[in-house]
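An overview of the molecular structure
Spelled out, the chains give:
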Amino acid sequence: MARADGHGVTEWETRQADEVLVRARGGDTAAFAELVRAQQRMVFSLGVRMLADRQKAEDLAQDVFLQLHRKLSSIQSGAHLAPWLRQVTARKAIDRLRREPKHEVELTAAEGCAVEEQDADPLLEQQLRGLLGELSPHARAVIVLRFQDDLDPVDIARALDMSVNTVKSHLQRSLTFLRERATRKNLQASIRPLRAVNATREPT
Amino acid sequence: MNPDPQDNFENRLRAALQPVEPSEGFADRVMTRIAADAVKRARMGASRWFVMALAASLVAAIVVGEQWQRRQEQAGIEARRQLLEALRVTREKLDLAYQVVNSEARSPSRDAGS
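Residues numbered from 1 in each chain as written. Chains lettered and ligands numbered in written order. Predicted model: local features only at pLDDT ≥ 70, side-chain atom pairs only at ≥ 80, totals over all residues. Heavy atoms only, no water.

Quick look at the packing of helix H5 (residues 78-99) of chain A against helix H8 (residues 153-160) of chain A now. Residue and element names in this part refer to chain A. For the pair H5 and H8, the least separation of the axes is 8 Å and the interaxial angle reads 60 degrees. Comparing the axis directions of H5 and H8 gives the class oblique. As for the relative orientation of H5 and H8, their crossing is right-handed in sense. Mapping the contact onto sequence places Gln87, Ala90, Arg91 and Ile94 in H5 and Arg158, Ala159 and Leu160 in H8. By residue class, the composition of the contact of H5 with H8 is four nonpolar, one polar and two charged. (Axes fitted to C-alpha atoms, helices over the stretch in contact; angles between N-to-C directions. Helix = DSSP H or I, 4+ residues; strand = E, 2+ residues; numbered from the N terminus. Parallel < 35°, antiparallel > 145°, perpendicular 65-115°, else oblique. Left-handed = near helix turned anticlockwise from the far one by under 90°. Contact = heavy atoms within 4.5 Å. Nonpolar A, V, L, I, M, F, W, Y, C, P; charged D, E, K, R; others polar.)

Shown next, in the form of structure tokens:
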């Protein structure tokens, strides 16, 4: 399966990242801007899914790239760049969610995205994105890294500094929770119109 | 063959979590923020140097002041020691003079008696 952050990014990572990283380390701002453009989708998407707010995700993504700029010398190679960014973004997002009193998110249309699949169910997908907000910050990060960035449990464990077993446990429990909640919501959604119809049929 | 409902759900989740692009000009905003951060850090660096220089001056002033005070104290102790020494010498001289005067005062009466 193709990587969620896009085939182009993967090619960019393997072919040009080292060269651009060296130029950016040397103070070439155009090279650093190129780095940002190549990785902004992955960083911003992770932020949006974690924080469920485009503005907060933009702030988070800017902070991440600012930190990257300050710590460019600590990035060993282009291949380390995406994992480093993913790790920093996920940890910053978790920290921000912990600081906020409420983990639940209210999903607006802005957080959604156009799905190109023919059999797409935008309502269910919106529900699923909303249900993510009911997961704990760590569980949410695991789900997003698994299903958005298509990482395997080992890479997720590395990004979130947790054991592989913990990742697998989070995945299993969160999927069960999401499936149950989505099913319940769908049932409620289908029952509500029926009740409305019955109410109009009842004699006055 | 029916599709696995678990796979179907995971595919739905994958579709729901498709990556999204930030708004137009994101990289430019990042670069602007980096430039502003560089200016801020330079200012902070300069003010840090100023604070450090001020702190170093204060420390130097305190050290010099303490040394001056210590020297003054030592000079006072030395002056006291010299004064005591002078008093001791004076007392010895006075004792000597007293003894001489006493002995001379006794001598004429002894002469007169003999």
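The subject of this paragraph is the pattern of salt bridges. Evaluation of the coordinates by the stated rule reveals 17 salt bridges over all chains. Across the salt bridge formed by B:Arg29 and A:Glu58, the nearest N and O atoms sit 2.6 Å from each other. On the criterion of chain membership, the pair formed by B:Arg29 in helix H2 (residues 26-113) and A:Glu58 in helix H4 (residues 54-70) is interchain, its members lying in two chains. You can call B:Arg29 partly exposed: its relative accessible area is 29%. A:Arg70 is the partner of B:Asp37 in a salt bridge, and the nearest nitrogen-oxygen pair spans 2.7 Å. Residue B:Asp37 is located in helix H2, and its partner A:Arg70 is located in helix H4; the two belong to separate chains. Judged by relative accessible area, B:Asp37 falls into the buried class, the value being 12%. Where salt bridges share partners, they join A:Glu19, A:Arg23, A:Asp28 and A:Glu34 into one cluster. (Salt bridge = Lys/Arg side-chain N within 4 Å of Asp/Glu carboxyl O. Buried < 20%, exposed > 50% of the residue type's maximum accessible area, 1.4 Å probe, protein only.)

Let us look at H4(A). All names here are of chain A. An ideal rise of 1.5 Å per residue puts 24 Å on 17 residues; H4 measures up with 24 Å between its terminal C-alpha atoms. Burial in H4 covers these residues: Ala57, Glu58, Leu60, Ala61, Gln62, Asp63, Val64, Phe65, Leu66 and Leu68. Where H4 begins, the capping side chain belongs to Asp53, and its oxygen is found 2.9 Å from the backbone nitrogen of Gln55. (Expected span 1.5 Å × (residues − 1). Polar contact = N/O pair within 3.5 Å; in protein donor to acceptor, adjacent residues only side chain to side chain.)

Moving on, we get to the side chain of A:Asp63. Tracing the backbone through its elements, the reader meets A:Asp63 in helix H4. Residue contacts for A:Asp63: discarding those within four places in its chain leaves A:Lys92, A:Arg96 and B:Arg33.

A word on unusual backbone geometry. Backbone phi values are negative for most residues with the exception of glycine, while trans is the configuration of most peptide bonds. Residue and element names in this part refer to chain A. In this structure, Asp150 is a non-glycine residue whose phi angle is positive, near 60 degrees. A residue is classified by how much of its surface remains accessible, and Asp150, at 22% relative accessible area, is partly exposed. The phi dihedral of Asp161 is positive, around 55 degrees, even though this residue is not glycine. Looking at where Asp161 falls in the secondary structure, it is placed in the loop between H8 and helix H9 (164-201).

Let us look at a nonpolar patch on the surface. A surface patch of nonpolar side chains, about 530 Å² in accessible area, is lined by B:Phe50, B:Val51, B:Leu54, B:Leu58 and B:Ile62. You can see B:Leu54 is positioned in helix H2. (Patch = residues over 30% accessible without salt bridge, like charges linked within 9 Å, V, L, I, M, F, W, Y side chains within 5 Å. Areas by Shrake-Rupley, 256 points an atom, 1.4 Å probe, with all protein chains shown as cover.)

Let's shift gears to the nonpolar core. Counting 35 residues, the largest nonpolar core has A:Met50, A:Ile143, A:Leu160, A:Leu178 and B:Leu13 as the members making the most contacts within it. Taken together, the elements giving at least two residues each to this core come down to helix H3 (29-51), H5, helix H6 (122-132), helix H7 (137-147), H8 and H9 of chain A together with helix H1 (5-16) of chain B. Not counting residues up to four positions away in its chain, the partners in contact with B:Leu13 are A:Leu128, A:Ile143, A:Phe147, A:Leu175 and A:Leu178. (Core = buried A, V, L, I, M, F, W, Y, C linked by side-chain atoms within 4.5 Å.)

By themselves, these are just geometric observations and shouldn't be taken as functional.
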